[in-house]
Structure formats: structure tokens, C-alpha cells
Amino acid sequence: MESVFSAHAWSRQPNGLWVFWSERDDAAQLQNHFSFTADVVTKRMAIKERVKIALQRVEKLSCNYLIQFWASIVIDGQTFLTTSDQPFGLSRLDDRLCSYRQKCLSCAIPVELKNGTQCENDLGPPGRVFKHRLPELCTDVKNYSQQEFPLRDDAAAWGIQWCYTVPVFDSSRDTFVGVLELVTSHQTNDWMFQNSVLLIFKMLQVVDLKSPEPYCPLNWKVLDDQICTLARLYKSIEMVCQKHQFPFAQIWVSVADSREKLSLGLQYMFEGYSVVGRAFSSKSSCFCRDVTQLSIMEYPLVTCARETGLTGCFAICLSAPGNDDNVYILEFFLPPNELLHRNLQVFLKLVLDTVKQQLQHFEVAVGHDFG
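Residues numbered from 1 in each chain as written. Predicted model: local features only at pLDDT ≥ 70, side-chain atom pairs only at ≥ 80, totals over all residues. Heavy atoms only, no water.

> What's the story with helix α7 (residues 190-206) in this structure? I'm lost.
Note on helix geometry: an α-helix contains 3.6 residues per turn, so any two residues three or four positions apart are oriented the same way. Helix length check: α7, at 17 residues, gives a terminal C-alpha distance of 25 Å against a target of 24 Å (1.5 Å per residue), a fit within 8%. Among the residues of α7, F193, S196, V197, I200, F201, M203 and L204 are the ones counted as buried. The arc that holds every buried residue of α7, seen down its axis, measures 160°, which confines them to one face. Along α7, the residues that are exposed and aim more than 90 degrees away from the buried face are W191 and K202. (Helix = DSSP H or I, 4+ residues; strand = E, 2+ residues; numbered from the N terminus. Expected span 1.5 Å × (residues − 1). Buried < 20%, exposed > 50% of the residue type's maximum accessible area, 1.4 Å probe, protein only. Arc of directions from axis to C-beta.)

In C-alpha cells, the structure reads:
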């Protein structure tokens, strides 16, 4: 644990995080080693200071958390993502989280190479978030493949459970500045984890940093404003699940100021990706026999699907009546035996008819792709 904290200053507010930052002459190091201009060095130092202040203001979290910032560096024309010399915080001085932090310090993730595009699956969560500017959530790192998360085996051995990685932007300039990674070595649940995320996001806003409005959980206005619509949808999908014995269903909502993205709690998806994104882009219904075979970029929740054993997925696009101009995607997961013992097209048509019957005032997609 000692090497993780060496050459670091630290502070801890009452009921707050243990926050660490580099004591090195960062300005000289950046300018001499990476040939940055004085202006670039000043901006990078300012971001580090703001991240440090944000972490210092986070109230005590309910579980064992490591929160660390990743920033880009350019070496010989190639861009790498690193957390070395960046501020980080710990809710407790946990040996497992410190071991994971130590491992991350040795990683320089190549995100832009002179010789071509880096393979998506070699980037790990911070690299993918850096490239695509979208958050990534995994509730158990063991469900990543080795390619999707090169540090998976080490992280799992140290008891890392949840991992949530988000893009960070400078609010004043609306420019991307880095990636914030939140991991826990403690078993938690959706509500506790989302509450912790909200506390961290709130402190980022205090120092004029943010995850932009379409992505930030603090800006769930689309959900708040349409609570009646969502209540009707949840009641209807419960009836559909009971009738057809579906083990699970969920609702995706179009992001308020971007017609190209969908949101589901802390997770987001681009239009055209996976069965949900295709239903959204085509304004139709779509089916996939096994979502666990998709890549993490094709289906951001693939790690959750692997964990639960859910495979067959049927997504239906619909729009609400009245002044609600949001697009909703109902995502149903089929019992495994349904794929073996039924005429699939007949069954999916029956499901679609049930949804139309339950949501008579909604505009349900007419077209379909049962492939």
C-alpha cells in the first residue's frame, strides 16, 4: 500500500474521502517530459486541482470506493490515457482497492495511435469512455471478457465488484478533459450505487466540471417530466411479462436533447446499436436470439446479460400520446426455452399484439425485424 501513497499529499475532511494528489513539480514534469506548451500545462494543472477539490468535498460514501481520474498524454505523436500523477480518493484505506490503484498506475492506454485505429476491446472501460464520450457501467467485473477489460483477472482477484466510468467535461468551455472511474470492492445495489454517483457528480458541478446533460444522472428531467407516462408503461410491461412469462423487461428513453441516444438509469446507448438501438433508429420492433454474443460496444449491458443468463431479447419502439415527444423502447427478455419450443415469428407477433392491446393510446411500431 505504501507505494500507492508515496510522493503524494493527502487530506481528509470529516466524514469524507481520503484524497491523494501528487507532490511532484507537475508543471515542470509535463513541460519538460512531454514538450507541452506553458498554456497547455496551466490548463492541465487547473483540471487536476478542480478534480482534487471535487473529491475533497464528497461526503462519506456507504461502501468501499476508489475514485480516480484518467487524463490523456501525447508521447511521440501517440495519445495515451493514464491515471499516473492524477488525484484519487478512497472512502476507506482498503488493501484491495490500493492494489487495483497500483496496477492502474502501470497502465498507459493507447487511444490514438500513429499506425491506425486501436482495437475497441483492448481499451478497457477508461479507453472506451475516452473514445466515445459515453459512460460505461458493469455490476461485476468478472463478466467482462479479457479483451474488454485487460485488468479483469487482477481486479476480480482483489474483489472489485462494480465499475462505473464516465466522461468529464469542462462546463465553461464545454470541452472534454478526461475520464473518472469509480470502482467498489463492496457488494452494493442499484440504489446505493446511484446515490454515491449523484454525490460525486454534484461535487464535480461545484468546480465547474460535469458529465454533460444528456449523460448526467443529475439531469433525469426526461424521466421526471414523464413520470405518468412511465408509470403506465411499467404497469403495462408487468402485465405483458405475466401473460408471456418473461423473466425481465426494462424501458429505454430517448435522451432529452439528443435524438441519437437512449438512456436507462446510468447506462446509455447510441442509435443503431444492438437490438434496442436498431428498434430506435428504424422506429420498429427488433429481435436478437442471444445478446450475450454481442460486443460491449454493440450492447453496453452485455456484462449484465452474461451475469443473469438472459439471451433472447425483443425490443419494441413506441411513442406516447399528447405533448410527450420522447421515444420509448420496451426491451423484453424471453425465457430460454421459448427459443426452442415455439414458432418464433408467431410468438413475437403475439407479444406485439399484447403490447398494442395494453397501450392503446400509444403509437406502437408497425414494422419488425425478427431476424
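> It is not clear to me how the environment of S91 should be interpreted in this structure. Could you clarify?
Along the chain, S91 falls in the loop between β5 (88-90) and α4 (95-105). S91 sits in the buried class, given a relative accessible area of 6%. Measuring from C-alpha to C-alpha, the distance between S91 and L66 comes to 6.8 Å, with 25 residues separating the pair along the chain. Sequence-distant contacts of S91, defined by excluding residues within four places in its chain, comprise L17, W18, L61, C63, N64 and Y65. A distance of 2.6 Å separates the side chain of S91 from the backbone nitrogen of Y65, its partner in a polar contact. (Contact = heavy atoms within 4.5 Å. Polar contact = N/O pair within 3.5 Å; in protein donor to acceptor, adjacent residues only side chain to side chain.)

> Is there a simple way to think about the nonpolar core in this case?
In terms of nonpolar packing, the biggest core is built from 53 residues, with Y100, W252, V276, V291, Y299 and I329 touching the most fellow members. Ignoring sequence-local partners within four residues, the contact set of V291 consists of Y299, V302, A305, L310, T311, C313 and F333. Counting 30 residues, the second-largest nonpolar core is a separate cluster that includes L55, C63, I67 and L204. (Core = buried A, V, L, I, M, F, W, Y, C linked by side-chain atoms within 4.5 Å.)

> What exactly am I supposed to notice about the packing of aromatic side chains here?
What characterises a pair of aromatic rings is the spacing of the ring centres plus the angle enclosed by the ring planes. Enumeration over the complete set of coordinates arrives at 12 aromatic pairs. Where F130 meets F176, the ring centres are 5.4 Å apart and the plane angle is 70°; that geometry is what we call edge-to-face. Taken together, the residues F130 in helix α5 (residues 124-132) and F176 in strand β9 (residues 175-184) connect sequence positions 46 residues apart. With a relative accessible area of 8%, F130 lands in the buried category. Joined through ring pairs, the aromatic side chains of Y65, W162, Y164 and F193 make up one cluster. The ring of F130 carries R133 above its face, with NZ or CZ at 5.2 Å from the centroid. (Phe/Tyr/Trp six-rings, centres within 6.5 Å; stacked < 30°, edge-to-face > 60°. Lys NZ or Arg CZ within 6 Å of the ring centre and 35° of its normal.)

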